[in-house]
Amino acid sequence: MKKTYIIAEIGINHNGDLNIAKRLIDIAAAAGCDAVKFQKRDPDVCVPEHQKNVEKDTPWGSMTYLEYKHKTEFGKEEYDEIDQRCKDKGISWSASPWDLGSLEFLLQYDVPFIKIPSAMLTNLELVEAAAKSGKKVIISTGMSTEEEIWKAICVLEPGPEMYDYAVLHCNSTYPAPLDELNLSCIKTMKDKYGCEVGYSGHEFRLGTSVAAVYLGATIIERHITLDRSMWGSDHLSSVEPQGLFKLVSGIRELEQAFGDGAIKVTDSERAVRKKLRG
């Protein structure tokens, strides 16, 4: 079985605090994840006009939604520290750009992939720009129709010059109901698109993500947090440190146990067989 690439999605769970981001990087590295991922956006571009001046209650007091998004957004200084922290801990990092300027910002760094979030799947200009960057592109497919997914794949696979990409099955509800996860879509996507397929989970459970590997997912992405009770929209559907350690070990144990499917007497059974059967 191919080694599963495990992405710990920090996203916006740092709440604009670089120290929290560093702690989450440390935890992901200690747990054995392959990469951490953030989200990068220009609030002036990404926040809809009708939401910019809406008042929002935050831990820092009442402010406009636009001010709040700027407060929780990292810039060059913070990402330089994130980049160094990840190098020190031996873990890769990347981010999901929500606009073309943010994609250009990320390409200053040696990130191993660019992640297109489910919300941006239909932004084909962004998908194409990510593909042309030369980086591997990973797209999430939450809340998307077959037609929308196919249009994005056609951008990533325009002809002989097919780009390096992977597709993640995803349910965009936070947290996602178990009866709507539809993990069988992993096989459907592998058969239909003929590309690498993974799973981005937003459910409470851990076993479902391990099951996704059994069903053929070679990339697993889960949101992580220091504490699910922290303030913010994504914490409740995230995995706490203890759970992250369990998730990674569960996936690695499955990889060891999966085998090749051949019926045979194993090496460890030979002595037992001789003792009990002569």
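If you're wondering where the values come from, they're calculated on a predicted model, not measured in any experiment.

A. Quick peek at the packing of aromatic side chains. Using the criterion set out here, one finds 13 aromatic pairs in the structure. Where Tyr-68 meets Trp-231, the ring centres are 5.7 Å apart and the plane angle is 90°; that geometry is what we call edge-to-face. Here Tyr-68 is found in helix α4 (residues 65-71), whereas its partner Trp-231 is found in the loop between β10 (219-223) and α11 (241-258), with 163 residues between them in sequence. According to the relative accessible area criterion, Trp-231 is partly exposed, its value standing at 32%. Ring geometry for Tyr-79 and Trp-93: centres 5.3 Å apart, planes at 20°, overall stacked. With a gap of 14 residues between them, Tyr-79 in helix α5 (residues 76-89) and Trp-93 in strand β5 (residues 92-97) connect regions that are remote in the sequence. By relative accessible area, Tyr-79 is classed as buried at 0%. A residue is classified by how much of its surface remains accessible, and Trp-93, at 4% relative accessible area, is buried. Lying across the ring of Phe-105, Lys-40 places its NZ or CZ 4.6 Å from the centre. Over the ring of Tyr-68 we find Lys-56, and its NZ or CZ is 5.2 Å from the ring centre.

B. Spotlight on the pattern of salt bridges. Across all of its chains, the model carries 21 salt bridges by this definition. For Asp-83, the salt bridge identified is with Lys-87, shortest N-O distance 3.2 Å. You can see Asp-83 and its partner Lys-87 sitting in helix α5, 4 residues apart, about one turn around the helix. In this structure, Arg-252 and Glu-255 form a salt bridge, with 2.9 Å as the shortest nitrogen-oxygen distance. Of this pair, Arg-252 and Glu-255 are both found in helix α11, 3 residues apart, which corresponds to roughly one turn of the helix.

Conventions we followed
- Residues numbered from 1 in each chain as written.
- Predicted model: local features only at pLDDT ≥ 70, side-chain atom pairs only at ≥ 80, totals over all residues.
- Heavy atoms only, no water.
- Phe/Tyr/Trp six-rings, centres within 6.5 Å; stacked < 30°, edge-to-face > 60°.
- Helix = DSSP H or I, 4+ residues; strand = E, 2+ residues; numbered from the N terminus.
- Buried < 20%, exposed > 50% of the residue type's maximum accessible area, 1.4 Å probe, protein only.
- Lys NZ or Arg CZ within 6 Å of the ring centre and 35° of its normal.
- Salt bridge = Lys/Arg side-chain N within 4 Å of Asp/Glu carboxyl O.

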